[in-house]
Amino acid sequence: ANAVEVLTQESAYTLYDTPDIIIMPTWTDENILTYANTAALTITNNNLANTESELSILSRALRDANPDVAALAQVTEIAEAYAAMRDGMLTTPVPANFAKAHLDLINTYHALYEGLSALATATNDPALALVRLKRYQDDATGLQLALENMYFTLEPHAALVGPQDPALLFVI
C-alpha cells in the first residue's frame, strides 16, 4: 500500500490553469484567426513526422534482456516534442472564449510529456514506468478529446479560416 501511494504521488503532475496562459480579454475575428493559426503551427512545427508509435518503440526497446537505449531515446524525443507543443501553447495569447479548449490541449500535451518521460526511464525505474503506462491510453484519448474540443470551439469561426491557413488543422 505504501509503495502504491508513493508511486501515485511520484506520477502526479501539476495541471495548468488560467493564470498560466495569456488571455485576450477582447478579441476580433483577426485575433481568432491569428490564435488558431499560431496554435496549429505550434502543433505542426513540433510534430515528428513518420515516427513509429511510442508504445511500439517502447515494446521493441524492452523486448530483449538488453534494453535498446537508442530506442528509448526516441521515446524521449517524442516526449520532448509534446513538451515543445505545450510550451508553445503556453506562450500563445488566446481569446477568452478559447481558453478552456486551449488549456485542454496544454494539459494533454503535458500529460503525454510526463508519461513518455517516465516510460523512457523504464530500465531505471520500471515501477514508475508501469504506473505511467497504465495512464497512457487515457492521456492519448485525452489528446483526441482536446483536439475535438478545439474543433467545436473554432467551428463557429470556421469561415475565417482560408485554404492556406494552418488553422485548417482544427476545422477539417
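Just above sits the structure.
The model shown is predicted, which means the values in this text are computed figures rather than measured ones.

(A) Seen up close, the overall build of the protein chain. Counting secondary structure elements, the protein chain contains 7 helices and 2 strands. Scanning the protein chain from its N terminus toward the C terminus, one meets helices and strands in the order α-β-α-α-α-β-α-α-α. With respect to the three principal axes, the spread of C-alpha positions in the protein chain is 55 × 35 × 20 Å. Relative to its full complement of 172 residues, the protein chain shows a buried share of 39%. Within the protein chain, residue pairs in contact and separated by at least 24 positions form 77% of the contacts whose partners lie at least 6 positions apart. Looking at charge distribution, the protein chain has the averaged site of its 7 positive side-chain charges lying 8 Å from that of its 21 negative ones.

(B) Molecular detail of the packing of helix α3 (residues 54-62) against helix α4 (residues 69-90). At a minimum axis separation of 8 Å, α3 and α4 run at an interaxial angle of 155°. Viewed along their axes, α3 and α4 adopt a mutual orientation that is roughly antiparallel. Along this stretch, α3 crosses α4, giving a crossing that reads as left-handed. Counting all contacts with α3, which are made through Glu54, Ile57, Leu58, Arg60 and Ala61, the residues of α4 involved are Ala71, Leu72, Gln74, Val75, Ile78 and Tyr82. A per-class count over the contact of α3 with α4 returns 8 nonpolar, 1 polar and 2 charged.

(C) How the structure looks around the nonpolar core. Ranked by size, the top nonpolar core spans 42 residues in total, and within it Tyr82, Leu105, Leu116 and Phe170 carry the most contacts. The residues touching Phe170, leaving out its near neighbours within four places in the chain, are Ala36, Ala39, Ala40, Ile43, Leu105, Leu147, Met150, Tyr151 and Leu154.

(D) Seen up close, the pattern of salt bridges. Per the counting criterion, the structure on display carries 3 salt bridges. The residue Arg60 makes a salt bridge to Glu52 at a minimum N-O spacing of 2.7 Å. You can call Arg60 partly exposed: its relative accessible area is 28%. Take Glu52: its relative accessible area is 35%, and that puts it in the partly exposed class. Arg86 is the salt-bridge partner of Asp87, the closest N and O atoms lying 2.8 Å from each other. Its relative accessible area of 9% is what places Arg86 among the buried residues.

(E) Local environment of the side chain of Thr42. Tracing the backbone shows Thr42 in helix α2 (residues 29-46). With a relative accessible area of 11%, Thr42 lands in the buried category. If near-sequence neighbours (up to four positions away) are discounted, Thr42 is found in contact with Ala84, Met85, Gly88, Met89 and Thr92.

(F) Expanded view of the packing of aromatic side chains. The full count for this structure, using the stated rule, is 3 aromatic pairs. Aromatic side chains Tyr82 and Tyr109 sit 6.0 Å apart centroid to centroid with 25° between the ring planes, which places their arrangement in the stacked category. One end of the pair, Tyr82, is in helix α4; the other, Tyr109, is in helix α5 (residues 99-119), and 27 residues separate them in sequence. Comparing Tyr82 with Tyr109, the two get one shared label, buried. Over the ring of Tyr113 we find Arg86, and its NZ or CZ is 5.1 Å from the ring centre.

(G) Summary view of the environment of Met85. Summarising the element assignment, Met85 is placed in helix α4. A relative accessible area of 4% means that Met85 is categorised as buried. Separated by 56 residues in the primary sequence, Met85 and Thr141 have C-alpha atoms spaced 17 Å apart. In this structure Met85 touches Thr42, Ile43, Asn46, Asn47 and Tyr109, once residues within four positions along its chain are discounted.

How each quantity is defined
- Residues numbered from 1 in each chain as written.
- Predicted model: local features only at pLDDT ≥ 70, side-chain atom pairs only at ≥ 80, totals over all residues.
- Heavy atoms only, no water.
- Helix = DSSP H or I, 4+ residues; strand = E, 2+ residues; numbered from the N terminus.
- Buried < 20%, exposed > 50% of the residue type's maximum accessible area, 1.4 Å probe, protein only.
- Contact = heavy atoms within 4.5 Å.
- Lys, Arg positive; Asp, Glu negative; His and termini not counted.
- Charge placed at Lys NZ, Arg CZ, Asp CG, Glu CD.
- Axes fitted to C-alpha atoms, helices over the stretch in contact; angles between N-to-C directions.
- Parallel < 35°, antiparallel > 145°, perpendicular 65-115°, else oblique.
- Left-handed = near helix turned anticlockwise from the far one by under 90°.
- Nonpolar A, V, L, I, M, F, W, Y, C, P; charged D, E, K, R; others polar.
- Core = buried A, V, L, I, M, F, W, Y, C linked by side-chain atoms within 4.5 Å.
- Salt bridge = Lys/Arg side-chain N within 4 Å of Asp/Glu carboxyl O.
- Phe/Tyr/Trp six-rings, centres within 6.5 Å; stacked < 30°, edge-to-face > 60°.
- Lys NZ or Arg CZ within 6 Å of the ring centre and 35° of its normal.

That is the geometry; function is a separate question.
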